[in-house]
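Overview (structure and organization)
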Amino acid sequence: MSSEHLLSTHIFNTRTDKLGEVWLIGAGPGDPNLLTVKAHKLLCQAQIVVYDRLVGPGVMALIPDEALCIDAGKEAGDHKLSQDEINQLLVDLAGCGQDVIRLKGGDPFMFGRGGEELMFVENAGITCHVVPGITAATGCAASSGIPLTQRNVAQSVRFITGHESAGEPAWKSLESLSTSETLVIYMGVKWLASLVAKLRSLGCCDTLPIALIEQGTLPEQRTTITSLRELTDLKFLRRPRSPCLIIVGEVVRMYRGEKLNNNFELQPETPKIAAA
């Protein structure tokens, strides 16, 4: 569905002289209790919301029933609207005098293309506000008890995305990865085999711990603790599904699985799986 079709509905027929404004809001990792106070207040009085696929249902439930909600979600092979259409939709809506909430999972500026939307909106002469959200890395790590940094274990963190415009993730950027660094990969399930190959080429040992966190911070959260050696077969044994965050590094050994409800371990040499 194009932005032109959306604008043809009766709600946009009346223009005003006053321009609306756009609010880029981070919906956090899924749990509505992790929203910022500011984001919660804005959502509860929203009139128009353009939302992404990864916004949790609990967050969407905060939006008034009478608000217009436009699905702009994107996943592999299924884009409701292209990024160019989303950009133009925000400008067109605000140009009609509408205040628009652009709701994104996690944080708008962490692999969320929020910067592109901010620039496009402001270049059109429209005011754009940004409300940060808890990004998936910190949300999923916290809900699993895995600190991304730890004294004498990991002094830095590196974030990369599995959704590069050129296709495969920028593995070349990992060539300077150190053993005292935590690697966090967003949207990387598709590239597990490539990740294993790259880490091995860098000399990482087979026992390097790795966590895969699906549906992070939600009641359905499922955490798999594995190793570089076991990760090769994991995609076939466990079939992890998006949204899934991957954490690589020694900090994964601090996973608090034994303190989670309904956790269990499989046989030796197979991944540990726990439901949060």
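The text that follows walks through the structure, step by step, so that each part is easy to find. (Residues numbered from 1 in each chain as written. Predicted model: local features only at pLDDT ≥ 70, side-chain atom pairs only at ≥ 80, totals over all residues. Heavy atoms only, no water.)

Comments concerning the overall build of the chain
This is how the line gets drawn: Counting from the N terminus, the helices are the DSSP runs of H or I reaching at least four residues and the strands are the DSSP runs of E reaching at least two. When a residue's accessible area, from a 1.4 Å probe over protein chains only, is under 20% of the maximum for its type it is buried; when over 50% it is exposed; and in between it is partly exposed. Contact between two residues is taken to exist if any of their heavy atoms lie within 4.5 Å; hydrogens are not considered. Only the protein chains shown count as covering a residue, and every accessible area follows the Shrake-Rupley method with a 1.4 Å probe.
The number of helices and strands found in the chain is eight helices and 14 strands. When each of the 276 residues of the chain is scored for burial, the buried share is 47%. In the chain, the share of contacts with a sequence separation of at least 24, taken over all contacts with a separation of at least 6, comes to 69%. Total accessible area on the chain is roughly 13,900 Å²; 53% of this is exposed by carbon and sulfur atoms.

With respect to the sheet that holds strand β1 (residues 22-26)
Just so we agree on the cut-off: Two strands form a pair only when DSSP identifies at least two bridges running between them. A fitted line through C-alpha atoms serves as each axis, taken over the contacting stretch for helices, and the angle formed by two N-to-C directions is quoted from 0 to 180°.
Read from one edge to the other, the open sheet built from five strands follows the order β3-β2-β6-β1-β7, with strand pairing classed as parallel. Looking at strand neighbours, the two that pair on one side only are β3 (68-71) and β7 (128-131), the edges of this open sheet. Along the sheet, successive strands turn relative to each other by an average axial angle of 20 degrees, direction set aside. Across three bridges, strand β2 (residues 48-51) lies against strand β6 (residues 100-104) in parallel orientation. Its bridge partner being in β6, Val50 is matched across the sheet by Arg102. Contacts from helix α4 (residues 83-95) reach β1, β2, β3 and β6, with the element oriented near 155 degrees to β6.

A word on the pairing of strand β12 (residues 244-248)
Where burial is concerned, most of β12 is hidden: five out of the five residues are buried. Burial of the side chains of β12 extends over both faces: Cys244, Ile246 and Val248 are buried on one face and Leu245 and Ile247 on the other. Across four bridges, strand β9 (residues 181-186) lies against β12 in antiparallel orientation. The partner of Ile185 across the bridge, within β12, is Ile246. Direction of pairing for strand β10 (residues 209-214) relative to β12: antiparallel, over a ladder of five bridges. Bridged to Ile213 within β12 is Leu245.

Things to note about the side chain of Ser144
For clarity, the cut-off: Throughout this description, a polar contact denotes any pair of N or O atoms lying within 3.5 Å of each other; where both atoms belong to protein, one of them has to be capable of donating a hydrogen while the other can accept it, and for residues adjacent in sequence the pair is counted only when both atoms sit in side chains.
Checked against the element boundaries, Ser144 lands in helix α6 (residues 136-144). A polar atom in the side chain of Ser144 sits 3.1 Å from the backbone oxygen of Cys140. Excluding residues that lie within four positions of it along the chain, Ser144 makes contacts with Ile213, Gln221, Thr223, Tyr255 and Arg256.

What to know about the nonpolar core
Heads up, the condition is: For the purposes of this section, nonpolar cores are sets of buried Ala, Val, Leu, Ile, Met, Phe, Trp, Tyr and Cys residues that join through side-chain atoms within 4.5 Å.
Core analysis: the largest hydrophobic core is formed by 19 residues, its most contacted members being Leu183, Leu195 and Ile246. When residues of this core are traced back to their parent elements, those giving at least two are β9, α7 (192-201), β10, α8 (228-237) and β12. When residues in this core are grouped by element, the largest group, four residues, is from α7. Sequence-distant contacts of Leu195, that is, excluding residues within four places in its chain, are made with Trp171, Leu183, Ile185, Leu231 and Ile246. Counting 18 residues, the second largest nonpolar core, distinct from the first, contains Ile48, Ala72, Leu81 and Leu89.

A few points about the pattern of salt bridges
Applicable threshold: We count a salt bridge whenever a side-chain nitrogen from Lys or Arg sits within 4 Å of a carboxyl oxygen from Asp or Glu.
Applying the stated rule across the entire model yields eleven salt bridges. Asp52 is paired through a salt bridge with Lys104; the nearest N and O atoms lie 3.8 Å apart. Highlighted residues: Asp52 in the loop between β2 and α3 (57-60) and Lys104 in strand β6, separated in sequence by 52 residues. Both residues of the pair, Asp52 and Lys104, count as buried. Across the pair Arg222 and Glu214 runs a salt bridge, and its minimum N-O distance is 3.7 Å. A residue is classified by how much of its surface remains accessible, and Glu214, at 5% relative accessible area, is buried. Bridged by salt links that share partners, the residues Asp52, Arg102, Lys104 and Glu117 form one connected network.

Re the packing of aromatic side chains
As a reminder of what qualifies: Two aromatic rings from Phe, Tyr or Trp, using only the six-membered ring of Trp, form a pair when their centres are within 6.5 Å; if the ring planes differ by under 30 degrees the pair is stacked, by over 60 it is edge-to-face, and anything between is tilted.
Under the criterion given, the structure shown has two aromatic pairs. For the pair Phe111 and Tyr186, a centre-to-centre distance of 5.0 Å together with 70 degrees between the ring planes defines the contact as edge-to-face. A residue pair is termed long-range when its members are at least 10 positions apart, and Phe111 in the loop between β6 and α5 (114-123) and Tyr186 in strand β9 qualify at 75 residues. Ring geometry for Phe159 against Tyr186: centres 6.3 Å apart, planes inclined by 65 degrees, an arrangement best described as edge-to-face. Taken together, the residues Phe159 in strand β8 (residues 156-161) and Tyr186 in strand β9 connect sequence positions 27 residues apart.

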